[in-house]
Amino acid sequence: MTQQGVDAPGPQGAAAVVEPAEGADGALERIRTLVRGQQFLLLIALVVLVVFFTIERSAFISQTEISNLLNDWSTVVLLAVGETFVIVSGGIDLSVGSTVTISGVVAAKVMGGMTGTSEPVILIVGLLVCIAIGLLVGAINVLLINVARLVPFVATLATLGAGAGFALVISGGAPVGADSQAIEFTTPKLWVFSWPVLAIIAIVVVSYLYLHYSRFGRFTFAIGSNRFAARAAGIAVKRQIAKIYMLSGLLAGITGMFYFLRLGSGAPTSGSGEELQAIAAVVIGGVSLLGGVGRLGGALIGAAILTVVTDGLVIINVNPNWNQVAVAGLIAAAAALQALRPGRGLTSSD
Amino acid sequence: MYGVMSRGRNRLMLAAAALVAAFVAALAASNAQSQAATANKVIAFNVGAASDPFFVAMEVSADAEAKKLGYTVDWQGAPTEYSPATQIPIVDTQFAQKPAALIIAPTDPNALQAPVNQFIKAGIPVVNVDTHVTKLGSVLSFITGNNANGGQNAAKALAKAMHYTKGKTYQVAVGLTSATTTTNVARLAGFKQEIKQHYPGIKIVAVGYSQSQPTKADANVSNWLSSFPHLSGIFAIDGTNASGASAAIEAHNLVGKVALVGYDAYATNVALLKKGVFSALIAQNPTQEAKLAVDDVVKYLKHHSKGGIKHLVTLPNIVLTPKTSAAALTKYTYPAP
Amino acid sequence: MNENPPLLEVDHVTKTYFHVHALTDVSFSVRAGEVVGLVGDNGAGKSTLVKVISGVHAPDSGSIKLSGVEQSFRSPRDAIEAGVETLYQDSGLAPDLSIGANVFLGREKLLPGIRGKLGFLAQREMDVQAHADLERVGIAVPTGRSTVSELSGGQRQAVAIGRAIAWARKVIVLDEPTNHLGARQAGEVLEVIRAARSQGLGVIFISHTLPHVLEVTDRIVVLRLGRLVRDAPTSEFDTNSLLGTITGLIGGDRDPALEAT
């Protein structure tokens, strides 16, 4: 990927002066600047969508609907966060969808067996079970990637299948548990926010800070940008990769608990296909699938755009089959934007 | 570089070998059961989406009935996929093992006709349950629930729950899995037909698809609740939609205010019915379907004649309400292993 | 002549990949304040030797000593901590990171106090110091946060060299540092190498450009087919004799063909 075949004469004077490469011409430079502000474009797209749906149906910005939107955004956003870390590091994690399912199902089984315990204690145990399952799936991914040396796509495809299978075996195909008090927990308590949604927002904020301002994030970007350079610079690459997949599993486990809270049960198919939703959010958000490039802010807005489109089409009562077409269009548009990026895009020559 | 690669390759081989070993061991264990029975006492049972609680209930019932009659059931089906492309190879594999009989719920009437024909040519009797092959005459019997009738019952139950009065209008939404799921289509047709004939005041204002995800069904219903503030009722056309819709109704504190009729008596749904979250549940009778199918097969194998076997049996769908007796609720709750 | 004790000693190093003998019994040393040229044809074992010295690969047998102490590098981190910096040919930088981030890669400075304990970076401080470090070794950097991918090939090379020299404490290994550079820039890189020598670093300079090797080094080590065939002061070579030794037209004093008997 690195493009070093250019024999560029240095500027006069000081030894090998480093300054930004000059763009071909002003117009191209302006386009690049605009594209570099992809988050800004995404934000505009989001606002346009919200305005559009609101004009069609004013109910779209009613208090109940905003809390619906937040609930739906919360089902995918943590997966998108985990996926962003993984994709920035140059990998991919397909297992998150089935991790959501299996953690929810197992937690529901455990919680169902806790009769005579108070609801908060039950839910905390459930959350811990979900976290444990998420970390376990992450650890299996790490073994497959770091020890068995499978490429992440194959490794996490295997855990995706295995997780979905185990979820069916454990649940017998039917939803597990019927916990109405859990559902009550997801109703708005602070204006449009429910407690779980606030917790998820807090996790998102911390993740944002860690990806862009911490050493953990820096290592993640470095590995995705040039794995050899990262190792040569003394970064423990495998250990970092292990932490990243464990993080992705952890966030998927927490999402599994959120699914349980929403449904009041652990459903055997609840997370199926969610990994693709998460990856779509990340791609729409402008994170490069090649690794090393991206902003979590983009992925968060990407998830918001997906949520707004999906819910908006229901609100304005469009044939639901159009939803898939709309999402496909969004991904294509985002990919086209990425292609305009200098150096790393789909149209780059090297 | 090469050193690293060879080390990596060795580890990969080790990992692969371990996986294969574990897989083979698991297969051997599960095979031990089916090998125990002699071939002529084995009834092959084949369904699509074997993990669907409806089919799980069939499995439990078929196993019990076969055991009572001295047979064993070789139960097969793709875990979640309901499609002929995955069903046909499994049927062919079962044929190769020459069972005494085949009970099958074909995922497609045309595509499964040929695989079924090879059993019949080999003198192996075939019974259809739930769904059927194109040439119904070729099979010993066909036992099914009535989806259209279930849809009609749902419309009746929903109208009752909304306290339907002539001259008033009622906004209703329907949650489906997808536009092409055959059972959904038949139920919706029955639902619409009943509305047209008897409840002209009911307007279907929205239809949504869950894509088999209860969370999506939940999101759809949540959105309808803000989009249609005067929504009076919801028909959740299958188990997945029932799970999602009931969660949405509870989350929005609309239990008792928005009528909800669901489908399929999953244990979780029955529990919610008792709490009044569902106004009514339409239950199929997988237990009875499977039992009758096994009975037909065994009868034929004993007497080698179709005497006493009813060719077409349609079991009514049962309407469960919060007022249904506890005994009946237990009876119709889909059993799980 | 340089009379310092040896800083880096490569002692009877052998490395085999599968059945390829990449290095066979290679021994040489570098003193403080000495520039040693490492030359050889493609496949002579130069890159392998670099990777052994910098801890990317462990040797099958033999050892690396620093200031007389035997080292067992199990990763590049060990080599860096022991004071050995390496500029890898073409692949030493993370193109999507900023110049400052690259200079501090693997050695990030953290914020003071609780934020630092939580792992947060002192990015501004690193940017300023990277700027100063590069300038100190004769490379001026803009104070922007442009990524390395936006730089030209020569500019990237300058950042990579600057990083290596800024961090080196004992030995610096430069694998093809003048590749992709114009004549003027190459001359500047050679100047940077001389500056490193005068600071008392041991420098290993690997290059295909023989005039550069003859110009800047004190001693030249020639590898051929994984064996060391000549180790002599630079004054004993001219372009023709060096080329002859590399290609085997002129037999070295430890010629593989002779040793095979």
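One can find the structure itself at the top, above this paragraph.
Keep in mind it's a predicted model, so treat the numbers as computed, not measured.

Topic: the overall build of chain A
In terms of helices and strands, chain A carries 14 helices and zero strands. Counting from the amino terminus, helix and strand elements in chain A follow one another as α-α-α-α-α-α-α-α-α-α-α-α-α-α. A burial count over chain A gives 55% of its 350 residues as buried. Long-range pairs, those at least 24 residues apart, make up 77% of the contacts in chain A with a sequence separation of at least 6. Accessible surface computed for chain A: about 13,800 Å², of which carbon and sulfur atoms make up 70%.

Looking at the overall build of chain B
The number of helices and strands found in chain B is 11 helices and 12 strands. Taken over 337 residues, chain B has a buried fraction of 54%. Approximately 14,500 Å² of chain B is accessible, and the part contributed by carbon and sulfur atoms is 60%.

Examining the packing of helix 8 (residues 195-213) of chain A against helix 9 (residues 215-225) of chain A
Residue and element names in this part refer to chain A. Contact geometry for helix 8 and helix 9: axes closest at 5 Å, N-to-C directions at 60°. By the criterion of interaxial angle, the relationship of helix 8 to helix 9 is oblique. Along this stretch, helix 8 crosses helix 9, giving a crossing that reads as right-handed. Taken together, the residues of helix 9 that come into contact with helix 8 (itself represented by Y210, L211, H212 and Y213) are R215, F216, G217, R218, T220 and F221. Its residues assigned to classes, the contact of helix 8 with helix 9 comprises five nonpolar, three polar and two charged.

Structural notes on the sheet that holds strand 9 (residues 219-224) of chain C
Residue and element names in this part refer to chain C. Spatially, the six strands line up as an open sheet ordered 6-7-8-3-9-10, and their pairing is mixed. The open sheet is flanked by strand 6 (84-87) and strand 10 (227-233), the only strands paired with a single partner. Going across the sheet, the axis of each strand differs from the next one's by a mean of 15°, ignoring polarity. Relative to strand 8 (residues 202-206), strand 3 (residues 35-40) is paired through four bridges, and the arrangement is parallel. Bridge pairing in strand 8 places V36 opposite I204.

Some points on the interface of chain B and chain A
With 43 residues of chain B at the contact, the number on the chain A side is 46 residues. Interface area for chain B against chain A, summed over the two sides, is near 3,300 Å², with a carbon-plus-sulfur share of 55%. The shortest N-O distance in the salt bridge between B:D218 and A:R262 comes to 3.0 Å. When contributions to the side of chain B that touches chain A are tallied by element, the ones reaching two or more residues are helix 1 (2-36), helix 2 (53-68), strand 7 (202-209), helix 7 (214-227), helix 8 (239-251) and helix 9 (267-274) of chain B. In terms of residue count, the dominant contributor to the side of chain B that touches chain A is helix 7 of chain B (11 residues).

So, the nonpolar core
By size, the foremost hydrophobic cluster in this structure holds 70 residues, and its most contacted members are A:V77, A:L78, A:V81, A:V204, A:L300, C:L97 and C:L105. With residues up to four places along the chain from it excluded, the contact list for A:L78 reads A:I200, A:I203, A:V204, A:L251, A:I254 and A:T255. If you look at the next biggest cluster of nonpolar residues, it comprises 62 residues, including B:A50, B:F55, B:V129 and B:V298.

Re the sheet that holds strand 10 (residues 280-283) of chain B
Residue and element names in this part refer to chain B. Strands sit in the order 7-6-8-9-10-12 across an open sheet of six strands; the sheet is mixed. Looking at strand neighbours, the two that pair on one side only are strand 7 and strand 12 (318-320), the edges of this open sheet. Taken over all neighbouring pairs, the strand axes of this sheet differ in orientation by 20° on average, direction set aside. Seen against the sheet, helix 6 (residues 182-198) touches strand 6 (170-176), strand 7, strand 8 (231-236) and strand 9 (259-263) and runs at an angle of roughly 165° to strand 6. In the packing of helix 8 onto the sheet, the strands contacted are strand 6, strand 8 and strand 9, and the crossing angle to strand 9 comes to about 155°.

Focus on unusual backbone geometry
Residues and elements named next belong to chain C. The backbone of H12 shows a phi angle near 50°, a positive value even though the residue is not glycine. Relative to the helices and strands, H12 is located in strand 1 (residues 6-17). For H12, a relative accessible area of 44% translates into the label partly exposed.

Concerning helix 9 (residues 239-247) of chain C
All names here are of chain C. Every buried residue of helix 9 is accounted for by S241, L242, G244, T245 and I246. Against strand 3, helix 8 (210-216), strand 9 and strand 10 lie the buried residues of helix 9. N-cap assignment for helix 9: the residue whose side-chain oxygen lies 3.1 Å from the backbone N of N240 is D238. Positive backbone phi, approximately 95°, marks G248, located one or two places after helix 9.

Side note on the environment of B:K192
Residues and elements named next belong to chain B. Mapped onto the elements, K192 comes out in helix 6. For K192, a relative accessible area of 44% puts it in the partly exposed group. Put simply, K192 and A148 are 44 residues apart on the chain and 9.7 Å apart in space, counted from C-alpha to C-alpha.

Looking at the pairing of strand 2 (residues 20-31) of chain C
All names here are of chain C. As defined by bridge partners, strand 1 adjoins strand 2 across eight bridges and the pair is classed as antiparallel. Within the sheet, the bridge partner assigned to P6 lies in strand 2 and is R31. Hairpin connection between strand 1 and strand 2: a loop of two residues separates the two successive antiparallel strands, and F18 in this loop has a positive phi of roughly 50°.

A word on a positive patch on the surface
Positive charge collects at one region of the surface, where A:R149, A:R227, A:R231 and A:K238 lie side by side. Within the element layout of this structure, A:R227 appears in helix 10 (residues 227-232).

Considering the packing of aromatic side chains
Residue and element names in this part refer to chain B. Under the defined criterion, the tally for this structure stands at 17 aromatic pairs over all chains. Taken together through their ring pairs, the aromatic side chains of F54, F55, Y266 and Y334 make up a single cluster. One residue, K41, lies across the ring of Y71, its end atom 4.6 Å from the ring centre. The lysine or arginine in question, R187, covers the ring of Y263, its NZ or CZ lying 3.7 Å from the ring centre.

Things to note about the pattern of salt bridges
Opposite charge on two side chains lets them pair, provided their charged atoms get close. Counted according to the given criterion, the structure contains 15 salt bridges over all chains. A salt bridge links C:D60 to C:K15, with the shortest nitrogen-to-oxygen separation between them at 3.7 Å. Of the two residues, C:D60 sits in the loop between helix 1 (46-53) and strand 4 (61-66) while C:K15 sits in strand 1, which places them 45 residues apart along the sequence. The exposure class assigned to C:D60 is partly exposed, which follows from its relative accessible area of 45%. One salt bridge in this structure joins C:R230 and C:E236, with 3.0 Å as the shortest N-O distance. Overall, the relative accessible area of 45% leaves C:E236 in the partly exposed class. Through salt bridges that share partners, A:D72, A:R262 and B:D218 make up one connected network.

Cut-offs used in this document
- Residues numbered from 1 in each chain as written.
- Chains lettered and ligands numbered in written order.
- Predicted model: local features only at pLDDT ≥ 70, side-chain atom pairs only at ≥ 80, totals over all residues.
- Heavy atoms only, no water.
- Helix = DSSP H or I, 4+ residues; strand = E, 2+ residues; numbered from the N terminus.
- Buried < 20%, exposed > 50% of the residue type's maximum accessible area, 1.4 Å probe, protein only.
- Contact = heavy atoms within 4.5 Å.
- Areas by Shrake-Rupley, 256 points an atom, 1.4 Å probe, with all protein chains shown as cover.
- Axes fitted to C-alpha atoms, helices over the stretch in contact; angles between N-to-C directions.
- Parallel < 35°, antiparallel > 145°, perpendicular 65-115°, else oblique.
- Left-handed = near helix turned anticlockwise from the far one by under 90°.
- Nonpolar A, V, L, I, M, F, W, Y, C, P; charged D, E, K, R; others polar.
- Pairing = 2+ DSSP bridges.
- Buried area = accessible area lost by both parts, 1.4 Å probe.
- Salt bridge = Lys/Arg side-chain N within 4 Å of Asp/Glu carboxyl O.
- Core = buried A, V, L, I, M, F, W, Y, C linked by side-chain atoms within 4.5 Å.
- Polar contact = N/O pair within 3.5 Å; in protein donor to acceptor, adjacent residues only side chain to side chain.
- Patch = residues over 30% accessible without salt bridge, like charges linked within 9 Å, V, L, I, M, F, W, Y side chains within 5 Å.
- Lys, Arg positive; Asp, Glu negative; His and termini not counted.
- Charge placed at Lys NZ, Arg CZ, Asp CG, Glu CD.
- Phe/Tyr/Trp six-rings, centres within 6.5 Å; stacked < 30°, edge-to-face > 60°.
- Lys NZ or Arg CZ within 6 Å of the ring centre and 35° of its normal.

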